[in-house]
Amino acid sequence: MFKKWKKGHHHDPQREKIKDELFEFKKTAEHGFPNQPSALAFDRKLKLMAIGLKNGSIKIYGAPGVEFTGLHDDTNQVVQLHFLTGEARLVSILDNNTMHLWELQNIKDDKKGAQELVEVGAYQLSGRPGINQITEVMIKSTNDVMWVGTEGGGIYPLSLPDFKPRDGGIIHQDQVMQSIPESYKTGKALGPVEAIEEHPQNPTLVLIGYSRGLVVLWNDQTQNVEKYFLGNQQLEAVSWNSNGREFMTAHNDGSLLTWQINNNDVVPSPNIPYGPFPCKAITKIMWKTSKTQPFVVFSGGMPRANYGDRHCVSVICGRDHVTFDITSRIIDFFLVCENSSREEDENPEYLIILAEEELIAIDLTKEGWPTMTPPYLASLHSSAITCSTHISGMSSQTWKKIEGAAKRANAVDGKNKKKQHVALDSYWPVDGGFNLETKVTDFVDRDIILTGHEDGTIKFWDATSVSMTPIMKLYTAYLFVTDGDNIDHDAFEDEYPPFRKVGEFDPYSDDPKLGIRKLAMCGQTGTIVAGGTAGQVFVFVLSDDAIESALVTKEVDILNERSGFTWKGHEKLTPKDIHLSMDPGYQVNNVVQAKPPASITAINVQAQWGLVGFGTSHGYVLFDYQQNKCVLSRCTLETGDNSAMEGHFSRAKSFKMSLRQSIRRLRGSFKGRGGSKRRASGRRRNYRRGDMSKKLQEANAALVDEEETPSGTWSPAGQRKVEARSSDEGMTGMIRCIYFASTYIRDTVSLSPTFWAGTNTGSVYVYGLDIPDYSKRQELEVTSLLGKEIQLMHRAPVIDVTVVDSHGSPVHLMSHGKASNGTAQGAAAHHFLVISSEEQFKVFTLPKISARKKLKLTAVDGSLVRKVTHARFDSDSNPDYHEYALVCLTNQGEILVMSAVPSFRPQVHYSCIGADDPHGISSAILTSSGQGFYLLSSSEYERFTLSKCNSVESYCRVQLDPSTPIAPIAPSRLVTAQVESPENHAEKAKETSISKTPEKKNKTPTKEPKREGSVVVAMKSSSPKQPLLCDESEEDEGDDTDHVAKHESVLEEAERTLAELDITGQTAGSEDTEVNVQELLGAVAEAEKNLEKK
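Parameters and conventions
Residues numbered from 1 in each chain as written. Predicted model: local features only at pLDDT ≥ 70, side-chain atom pairs only at ≥ 80, totals over all residues. Heavy atoms only, no water. Helix = DSSP H or I, 4+ residues; strand = E, 2+ residues; numbered from the N terminus. Buried < 20%, exposed > 50% of the residue type's maximum accessible area, 1.4 Å probe, protein only. Contact = heavy atoms within 4.5 Å. Areas by Shrake-Rupley, 256 points an atom, 1.4 Å probe, with all protein chains shown as cover. Arc of directions from axis to C-beta. Pairing = 2+ DSSP bridges. Phe/Tyr/Trp six-rings, centres within 6.5 Å; stacked < 30°, edge-to-face > 60°. Lys NZ or Arg CZ within 6 Å of the ring centre and 35° of its normal. Axes fitted to C-alpha atoms, helices over the stretch in contact; angles between N-to-C directions. Polar contact = N/O pair within 3.5 Å; in protein donor to acceptor, adjacent residues only side chain to side chain. Core = buried A, V, L, I, M, F, W, Y, C linked by side-chain atoms within 4.5 Å. pLDDT = per-residue confidence, 0-100. Salt bridge = Lys/Arg side-chain N within 4 Å of Asp/Glu carboxyl O. Expected span 1.5 Å × (residues − 1).

Turning to the overall build of the protein, a few remarks are in order. Looking only at helices and strands, the protein has 12 helices and 64 strands in total. Burial status across the protein gives 53% buried among its 1094 residues. If you take every contact in the protein between residues at least 6 apart in sequence, the share linking residues at least 24 apart comes to 61%. Summed over all atoms, the accessible surface of the protein reaches about 51000 Å², with 48% contributed by carbon and sulfur.

Moving on, we come to helix 1 (residues 13-22). Within the span of helix 1, buried status applies to Ile18, Lys19, Glu21 and Leu22. Within helix 1, the buried residues cover an arc of 160° as seen down the axis, which keeps them to one side. Of the exposed residues in helix 1, the ones pointing more than 90 degrees away from its buried face are Pro13 and Asp20. Packing partners of the buried residues in helix 1 comprise strand 1 (23-32), strand 53 (865-874), strand 54 (882-890), strand 56 (906-911) and strand 59 (940-947).

Counting buried residues in strand 3 (residues 48-53) gives six out of six residues, a clear majority hidden from the surface. Residues Leu48, Ala50 and Gly52 point to one face of strand 3 and Met49, Ile51 and Leu53 to the other, with burial holding for every one of them. Of the strand pairs in this sheet, strand 3 and strand 4 (residues 57-61) are connected by four bridges, and their pairing is antiparallel. When the sheet's bridge partners are listed, Ile51 is paired in strand 4 with Lys59. Where strand 3 folds back onto strand 4 in an antiparallel hairpin, the turn is made up of three residues, including Gly56, whose phi is positive at roughly 95°.

The tally for this structure, following the rule as stated, stands at 28 aromatic pairs. Here the aromatic rings of Phe42 and Phe334 are separated by 4.5 Å at their centres, their planes lie at 5°, and the arrangement is stacked. Here Phe42 is found in strand 2 (residues 37-43), whereas its partner Phe334 is found in strand 24 (residues 330-337), with 292 residues between them in sequence. Taking the relative accessible area as the measure of exposure, Phe42 reaches 19% and is therefore buried. Classification of Phe334 by relative accessible area gives buried; the value is 7%. Taken together, the aromatic side chains of Trp609, Tyr620, Phe740, Phe755, Tyr765 and Tyr767 make up a single cluster linked through ring pairs. Directly above the aromatic system of Tyr184 lies the positively charged group of Arg212, at a separation of 4.2 Å from the ring centroid. Above the ring of Phe333, the side-chain terminus of Lys284 is found at 4.9 Å from the ring centroid.

Turning next to the sheet that holds strand 47 (residues 763-770). The four strands are arranged 45-46-47-48 in an open sheet whose pairing can be described as antiparallel. In this open sheet, the two edge strands, each paired with only one partner strand, are strand 45 (735-743) and strand 48 (783-791). Strand after strand, the sheet turns through a mean of 20° between neighbouring axes, direction not considered. As defined by bridge partners, strand 47 adjoins strand 48 across eight bridges and the pair is classed as antiparallel.

The subject of this paragraph is the side chain of Ser379. As for its position among the elements, Ser379 is in the loop between strand 27 (371-372) and strand 28 (385-391). Within the local environment of Ser379, its side chain forms a polar contact with the backbone oxygen of Glu357, the two atoms lying 3.4 Å apart. Leave out the neighbours within four places in its chain, and Ser379 touches Phe33, Glu357, Glu358, Lys459, Trp461 and Phe505.

Counting residues in hydrophobic clusters, the biggest one holds 36 residues, and the most contacted among them are Phe460, Met472, Leu479, Met521 and Tyr586. Tyr586 has contacts with Ile402, Ala405, Phe460, Met472, Leu474, Met521, Gly526, Ile528, Phe540, Val541 and Leu542, leaving out every residue within four places of it along the chain.

What follows deals with the pairing of strand 54. Most of strand 54 sits inside the fold, with eight of its nine residues counted as buried. Sheet topology note: the strand 53/strand 54 ladder contains nine bridges and is antiparallel. Within strand 54, the residue paired with His870 across the bridge is Leu886. Across five bridges, the pairing between strand 54 and strand 55 (residues 894-899) is antiparallel. Across the sheet, the residue bridging to Leu886 is Met898, located in strand 55. The turn linking strand 54 back onto strand 55 is made up of three residues, and Gly893 within it adopts a positive phi angle of 85°.

Let us now look at unusual backbone geometry. Cis peptide bonds are those with omega within 30 degrees of zero, and the linkage from Gly275 to Pro276 qualifies with 5°. By secondary structure assignment, the location of Pro276 is in the loop between strand 19 (256-260) and strand 20 (282-288). The linkage connecting Lys595 with the following residue, Pro596, adopts the cis geometry, with an omega of 0°. For Pro596, the location among the structural elements is in the loop between strand 40 (585-595) and strand 41 (602-606). A positive phi angle, near 50°, is found at Trp369, a position not held by glycine. Not every positive phi belongs to a glycine, and Leu377 is a case in point at roughly 60°. Tracing the backbone through its elements, the reader meets Leu377 in the loop between strand 27 and strand 28.

Let's shift gears to the confidence of the model for the protein. Chain-level pLDDT for the protein is 80 on average; 74% of the residues reach the 70-or-more range. Note on residues 1060-1075: pLDDT under 50 across the span, and five contacts to partners over four residues away in sequence or across chains.

The next point concerns the sheet that holds strand 3. Taken together, four strands build an open sheet; the order of strands is 2-3-4-5 and the sheet is antiparallel. Two strands close off the open sheet at either side, each with one partner strand: strand 2 and strand 5 (67-71). Neighbour-to-neighbour, the strand axes of this sheet turn through a mean angle of 15°, independent of strand direction. In terms of strand pairing, strand 2 meets strand 3 through six bridges, oriented antiparallel. Note that in strand 3 the partner of Pro37 across the bridge is Leu53.

We now examine the environment of Pro797. With respect to the helices and strands, the residue Pro797 is situated in the loop between strand 48 and strand 49 (798-804). For the pair Pro797 and Glu838, spaced 41 residues apart in the sequence, the C-alpha separation amounts to 5.8 Å.

Moving on: the environment of Met793. Tracing the chain through its elements places Met793 in the loop between strand 48 and strand 49. On the basis of relative accessibility, which here comes to 27%, the residue Met793 falls in the partly exposed class. Taking the C-alpha atoms as reference, Met793 lies 9.4 Å from Thr761; in sequence the two are 32 residues apart.

Time to look at the environment of Phe298. Checked against the element boundaries, Phe298 lands in strand 21 (residues 295-300). Once the C-alpha coordinates of Phe298 and Cys312 are considered, the two residues, 14 residues apart in sequence, prove to be 8.6 Å apart.

Opposite charge on two side chains allows them to pair when their charged atoms are near. Per the stated rule, a full pass over the model turns up 25 salt bridges. A salt bridge links Glu30 to Lys59; the nearest nitrogen and oxygen atoms lie 2.4 Å apart. Of this pair, Glu30 sits in strand 1 while Lys59 sits in strand 4, and the two are 29 residues apart along the sequence. On the basis of relative accessible area, Lys59 is assigned to the buried category, the value being 6%. Among the ionic contacts, a cluster of salt bridges with common partners joins Glu30, Lys59 and Glu940.

With that settled, consider the side chain of Ser929. Relative to the assigned elements, Ser929 resides in the loop between strand 57 (925-926) and strand 58 (931-937). For Ser929, a relative accessible area of 16% gives the class buried. Polar side-chain contacts of Ser929 include one of 3.1 Å to the side chain of Thr927. Filtering out sequence-adjacent residues up to four positions away, Ser929 remains in contact with Ala871, Arg872, Ser947 and Asn950.

The terminal C-alpha atoms of helix 4 (residues 396-409), which comprises 14 residues, lie 20 Å apart, in line with the 20 Å expected from a rise of 1.5 Å per residue. Those residues of helix 4 not exposed but buried are Thr398, Trp399, Ile402, Ala405, Ala406 and Ala409. Within helix 4, the buried residues cover an arc of 125° as seen down the axis, which keeps them to one side. The exposed residues of helix 4 that point more than 90 degrees off its buried face are Gln397, Lys400 and Lys407. Contact partners of the buried residues in helix 4: strand 30 (448-453), strand 31 (458-462), strand 32 (469-474), strand 34 (516-521), strand 36 (536-543) and strand 40.

See below:
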């Protein structure tokens, strides 16, 4: 991005060492809800939950902070997930018919025993397309056999963990058809395998359900059908009762049938919960016993005509019946029970539903079955995110107040009414594993993220740890008149089915003007300001007392009655004439309406001064929210800017701007390649200076940045000439940044409160403020005086304005915003002004505001600055050493780090976000601690760090046996072989094989490619403390002499095996012999087997 500098540049090893100790880029965590989930699984013993995604990712969750992630080599959709209960192993099924085994293993050389999710095996069920497509998978309770049902009706038992097919164990449809009555054999096939369920009391008995409706009880020991149940309706799902004497089937017509094992001749009458009219299919059912009445939980089954578009999960227990209505499509669900299925009463306690856009939890132990708030996997995009900001360095006192306010706010809905059916103190059942990181205490700086949403809500998120936990939500829509005010959401409570709306995902908004566009928060007081789409500005303050007040909106005219301007955009929101009764916590202190009602483009708050500054596309406002008065407002529109009348960018104007900028980049590129030299070598036109018009001189002055870099300062080579932007490009008056600071603006002796505003055309307005003392704050007014006006010659939009001290530390972070009128600071206070525009960075001295340094961004490749912050970087080797640096994100997705003033030189740059991801770039958040976030999808944040010693990562493990620590897992050897089995019992000539998937590059060394004439041995990577060749049960605490003897015996046995294979004889006649690695590995494996037998 930055070219190497010409003069004075030399490689400084000491500086490079310091940079290695300060900077390191890595992506550390993903917060929010996974994008496009496709599968769900639960381990009832380890209390772990796994979610598979369409892009091939697997995520395992346990207690808050316990997260593991795995990624398949192929980006195929994960269609099924199954835990090996209690073993920290997982089987994934992809849509390409491959099966993968995953395992939680210790991270190499990690002293604390952290684990990671590693793939240890991958196999494919091959055969004719469509016939052997996997439809259903069941892992037996012993975890040693996996039954795989296919589209063709065949079932293939595979041993685990090696996926070896069991000899003679394939169950074909012909075997099943031989045991059923002739009357049921109508020439139709049984169809795909839809259900495989193990008997809860006898593991040798398995229920097998076929699509046609037939269900058989298969005896795995005798390999025959014990009993059959002749259903005539298409089957969807099967569930056992824990007593093992009856089971329930679900069908595609929305019916449920209860079958008795000892009375299989009687076909039960169907029960259609939402009949008698035609209903949709019931896709899954779970039948669980309890101490009172059994629970029947199923998804689907809604009446087609009236509610066919609803996504529902129904829970029936005796007379209690609730149909949980969810906005997005249901992926899967599971029940968390107090006891296992082998107990007489399983006692379901919690229902976890995975929908396409959110995770929903229901507490079945409380009356009314209220919903719970999961500690992670929150739906960030319940309403579309429109803006976000990060707050660091929050005081512990403010954090405690926010926690108290959150408890009260979470029990209230958007109309300040008490929420129904919400459990605030329920236990989270998925709590397996534990986090090895230091526990977060009140003394740790909290990372708070605020997100503004399209429906006018503001959400708080605690991002201090891996689990980004929702804290609370503030509402603004209830303050205005909207289209949804007349809708009674409780009008359908008495209808049947008994719907209950659950979940937060709601992609629709009552009015798009409610959207929150800009957010800011004071970390010391907790005061929040928010700006909306229709020019509305809210000030929320933390209060310990309940108050009652009327809603008063203060209107501020930014145009100052400017003539010749007509607003053609949307109308403002109409505030309600209501009396607000607000509980302790966050309260609406002020509602300010900008006129005209254009979208808020910049906002900031200085809570200690009681001031909020905001800007629109027409100008900026400084507002005193303690006295509810406007301190100043200024219109920044230039003559002829008609685009600001619309309230949004014009398509034609945007295209014109883009075309002009492209031509300028091409022009700069040609100049850099020597175009100017060719012009200089040609005949020079004889222009006389006196013939130039005054207008041409002004144009040339505007195109060239005349401020030269002072002599002796660094200047990068290859910097292009920054060209001025024309004022007719539109939106000239837009405010891009608002800033508060106490700095030297009048003289070098005393500090003064200041207010800064940067525009879209490179203008920066500076105001000195006179703020009364705290004792007279309510009596005297805040006054302002325009100090200076800075105009950047290239007229690029001003992205950021920051005042730093001589060490590069932002002064607003040091002073915590305390106003100090005429108060002198310490002796070492030299302040600098850093202005960051889209195309360059400039440093000015204060109070004279004279240019000291500048750093231009090379724009040959179209790079422009999008986000800027000043961050602190601590050394990982010296805890007493730190540096401040300027961090910026470009429109190409690159992160650039520049050292602080006075050196102000490029340090490192990283590629962070793809250049083809404009949504991720525009949503990025850069923090003052050297970290950052950006939207990986509409529902998920990607977290990254630039600091070597400041990062938040998943660092956890799962204990298999809670009473004793786990020994390191020994490497296992998975031997695969080509296995042939008949595709069906009638045609043995047609063969199907279970073969291993070909290995891809950068794959775990557990899989080796299949070669003829050799035995393939797949090994896991060895532990550094354990020899490569050893018994699986061997621990690393043995004597080294035993290992040496073991190695010698293995080598001797390997030599004998090689001699038998005549490998040495084949290679004796050639000097350039090519060793067959596969045969060598096979020989070593054969040697180990022989030794084990001895």
